Amino acid sequence: MVAAEDIAIVGAGTAGAASAILLARAGHRVTVFERVPVPTAVGAGITLQPTGQAALLRLDLLEAVRARAAPIERLRCVQRGGKPLVDLPYADIHPRLHGLGVHRGVLFETLFAGAHAAGAQIQTGVDIARSEVVSDARWLVDTAGGRHGPFGLVLAADGAVCELHGEALRLRARPYRWGALFLVADDPDETFSRDREIHQVVDGAHHLLGFLPTGRAPHRDVPVVSLFWSIRADRVDAWRAAGVEAWREEVLDFEPRAAPILAPLTDLSPVLFARYFDVTMYPYHRERLVFMGDAAHATSPQLGQGANHALLDAVALADALAAAPDLPTALAAYTASRRRHLAYYQFAARMLTPLFQSDSRVLALLRDLLFPHARWLRPIRRRMVRTMLGVDRGLLRRPLPVGELARQLAPTLPD
Ligand SMILES: Cc1cc2nc3c(=O)[nH]c(=O)nc-3n(C[C@H](O)[C@H](O)[C@H](O)COP(=O)(O)OP(=O)(O)OC[C@H]3O[C@@H](n4cnc5c(N)ncnc54)[C@H](O)[C@@H]3O)c2cc1C
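Rules used in this analysis
Residues numbered from 1 in each chain as written. Predicted model: local features only at pLDDT ≥ 70, side-chain atom pairs only at ≥ 80, totals over all residues. Helix = DSSP H or I, 4+ residues; strand = E, 2+ residues; numbered from the N terminus. Rg over C-alpha atoms; globule rule 2.2 N^0.38 Å. Buried ≥ 20, exposed ≤ 12 C-beta atoms within 10 Å, placed from the backbone. Near = placed C-beta within 6 Å. Nonpolar A, V, L, I, M, F, W, Y, C, P; charged D, E, K, R; others polar. Pairing = 2+ DSSP bridges. Axes fitted to C-alpha atoms, helices over the stretch in contact; angles between N-to-C directions. Parallel < 35°, antiparallel > 145°, perpendicular 65-115°, else oblique. Left-handed = near helix turned anticlockwise from the far one by under 90°. Contact = placed C-beta atoms within 7 Å. Expected span 1.5 Å × (residues − 1). Bend = angle between axes of the 7 residues up to and from the residue. Core = buried A, V, L, I, M, F, W, Y, C linked by C-beta atoms within 7 Å.

Along its length, the chain carries 13 helices and 19 strands. Over its C-alpha atoms the chain spans a radius of gyration of 21 Å, differing by no more than 12% from the 22 Å that the globule rule assigns to 415 residues. If one aligns the C-alpha atoms of the chain with their principal axes, the spans along those axes are about 65 × 45 × 40 Å. The burial tally for the chain puts 44% of its 415 residues in the buried class.

See below:
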């Protein structure tokens, strides 16, 4: 085991807060620096896959999150007009595994409180600008000129637009041209929650409307659903200028059942835009510095894996520090343990995204011709479900053991 270190974590998001919990519990002295002065529970829904659920179980936080989450049993995508395109039931791989639709704020609050409880020091309102090595220790410098250190290890967990990217050994980071508008809306009649599915409607590759049952928002008891509307980044201003009625009409043309959830919307201010990023680096570490979560491997969220990978990163790093005799060995082991899994999902997200979010008519046509056949070709469908579950590691590599995952989660699953 690596001896107790002073560890700094940049960013109190999923990767940062989960790491703070595990590392503080392991006896390290942990300080988290978060840019936002008063972190609050904002954001849309995310899907927690069985892999992410197992990581939360390891943190002893799965039950707290599950209590406010919505079970997801399949992903169903149809073309506008209702023609089936993709239907991926979790039960194809294991009868008891499923996803959890959860409000980002629920995950955030649970992890944040967990980090406090584990004894991590959390400094909010500190915007880290860079890191430097002085006398074999790392220091952090914030945008106000404050210096923080010395630290034996720094975790860069500040998301896709990472201020420490300049330190990465090999890095490619670029924004996608596309992103998504999202809205979290009350679903008091459980119109979407009842179906227990991620429901998507597409028209070509330039229109995608998605609904994710999102359980209950923090501090409220009404069921909510997250609505996602795919859009190219340079079209967001024109979309806002067109106003709420134009959008409502367009959405209802795709999915009339959205009428009650859009009814309270009087303007577009609750609808937010998130741009996608693609970040690739290798290795994920250098001296006394490790990148994790979106800072290391952001992708488009087409496969719904980003927060799950952030949680898995936290577990992998804690395990590597616990098992290795020294820090360089631990960081090398961390990079090696995450490489294949992450490389597959980055590859898959890059392949899939233009089929669902691009201006290409040819790709959309190919998708509409080929994807419906996958429903009848069991090996292909199983591969697609396994990828959704988060366990695949490559076209020729064995997936993570699903039976083992189901055994771990079994005591927490409803009958
Ligand atoms: C529309 C959309 C839908 C998505 N859906 C899913 C899904 O269904 N399932 C899923 O698993 N993933 C999903 N994702 C991806 C997921 O949100 C991310 O992969 C995940 O949040 C990454 O976690 P992170 O901890 O790496 O970064 P973040 O959650 O971005 O956290 C980074 C933290 O660092 C802080 N920070 C940033 N810069 C600094 C700085 N300079 N100094 C100090 N603090 C700083 C930020 O304030 C933030 O708190 C989705 C993403 C989008 C955009």
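With that out of the way, let us pick up the site of the ligand. Every one of the 33 residues lining the ligand counts as a neighbour, but Gly 11, Gly 13, Gly 159, Gly 293 and Gly 306 are closest to it. For the shell around the ligand, the elements supplying multiple residues, two or more each, are helix H1 (14-25), strand S2 (29-34), strand S3 (45-48), strand S13 (171-186), helix H8 (294-297) and helix H9 (306-323). The biggest single contributor to the shell around the ligand is H9, with four residues. Here the residues of the shell around the ligand are counted per class, giving 16 nonpolar, 11 polar and six charged.

Attention now goes to the pairing of strand S9 (residues 128-134). Looking along a regular strand, one sees side chains alternate from face to face of the sheet. Relative to strand S10 (residues 137-142), S9 is paired through six bridges, and the arrangement is antiparallel. Within the sheet, the bridge partner assigned to Glu 132 lies in S10 and is Trp 139. Here S9 folds back onto S10 in antiparallel fashion, the turn holding two residues, of which Ser 135 has a positive phi close to 50°.

Moving on, we get to the sheet that holds strand S14 (residues 197-203). Sheet architecture is open: seven strands sit in the order S6-S5-S14-S15-S16-S13-S17, paired in mixed fashion. Looking along the sheet, the strands with just one partner apiece sit at the ends: strand S6 (84-89) and strand S17 (272-281). When the angles between neighbouring strand axes are averaged without regard to direction, this sheet yields 20°.

What follows deals with the packing of H1 against helix H4 (residues 104-118). The contact between H1 and H4 brings their axes to 8 Å, and the two run at 25°. Classified by the angle their axes make, H1 and H4 are roughly parallel. As for the relative orientation of H1 and H4, their crossing is left-handed in sense. For the pair H1 and H4, the contacting residues are Thr 14, Ala 17, Ala 18, Ala 20, Ile 21, Ala 24 and Arg 25 in the first and Leu 107, Leu 111, Phe 112, Gly 114, Ala 115 and Ala 118 in the second. Here the contact of H1 with H4 is built from residues that sort into 10 nonpolar, two polar and one charged.

A word on the packing of helix H2 (residues 50-58) against H9. Interhelical geometry of H2 versus H9 gives an angle of 40° and a closest axis separation of 8 Å. By the angle class used here, H2 and H9 are oblique. In this structure, H2 meets H9 at a crossing whose hand is left-handed. From H2, Thr 51, Gly 52, Ala 55, Leu 56 and Arg 58 reach across to H9, where they touch Ala 307, Asn 308, Leu 311, Leu 312, Ala 314 and Val 315. A breakdown of the residues in the contact of H2 with H9 according to their chemical character gives seven nonpolar, three polar and one charged.

Between Gly 149 and the following residue, Pro 150, the backbone shows a cis peptide bond with an omega angle of -5°. Mapping Pro 150 onto the fold places it in strand S11 (residues 147-151). Residues Tyr 282 and Pro 283 are joined by a peptide bond in cis, for which omega reads -5°. Tracing the sequence through the fold places Pro 283 in the loop between S17 and strand S18 (285-286). For Ser 135, which is not glycine, the phi dihedral falls at a positive 50°. Positive phi outside glycine occurs at Arg 288, with the angle close to 60°. The residue Arg 288 is located in the loop between S18 and strand S19 (289-291) in this model.

Okay, the pairing of S6 next. Judged from the five bridges that link them, strand S5 (residues 74-79) and S6 form a sheet pairing that is antiparallel. In the strand pairing of S6, Arg 74 is matched with Pro 89. If you look at the hairpin formed by S5 and S6, you'll find four residues sitting between the two strands, and Gly 81 has a positive phi there, around 105°.

A word on helix H10 (residues 327-356). Note that an α-helix has 3.6 residues per turn; residues three or four places apart therefore point the same way. Compared with the 44 Å implied by 1.5 Å per residue over 30 residues, the 42 Å span of H10 between its first and last C-alpha is a close match. At Arg 339, H10 shows its largest bend, some 40°.

This brings us to the nonpolar core. Membership of the largest hydrophobic core comes to 115 residues, with the highest contact counts inside it found for Val 10 and Met 292. Counting residues per element, this core draws most heavily on H9, which supplies 10 residues. If sequence neighbours within four positions are ignored, Val 10 has contacts with Phe 33, Ile 128, Leu 140, Val 154, Leu 155, Ala 156, Ala 157, Asp 158 and Leu 164.

All right, on to the environment of Gln 408 then. Structurally, the position occupied by Gln 408 is in helix H13 (residues 402-409). Note: C-alpha distance between Gln 408 and Gln 123 (285 residues apart in sequence) is 34 Å.

In this structure, Val 391 sits in the loop between helix H12 (378-389) and H13. A tally of 21 C-beta atoms within 10 Å means that Val 391 is categorised as buried. When near neighbours in sequence (up to four residues on either side) are disregarded, Val 391 contacts Thr 51, Arg 386, Pro 399, Leu 400, Val 402 and Leu 405.

Purely geometric stuff here, so don't read any function into it on its own.
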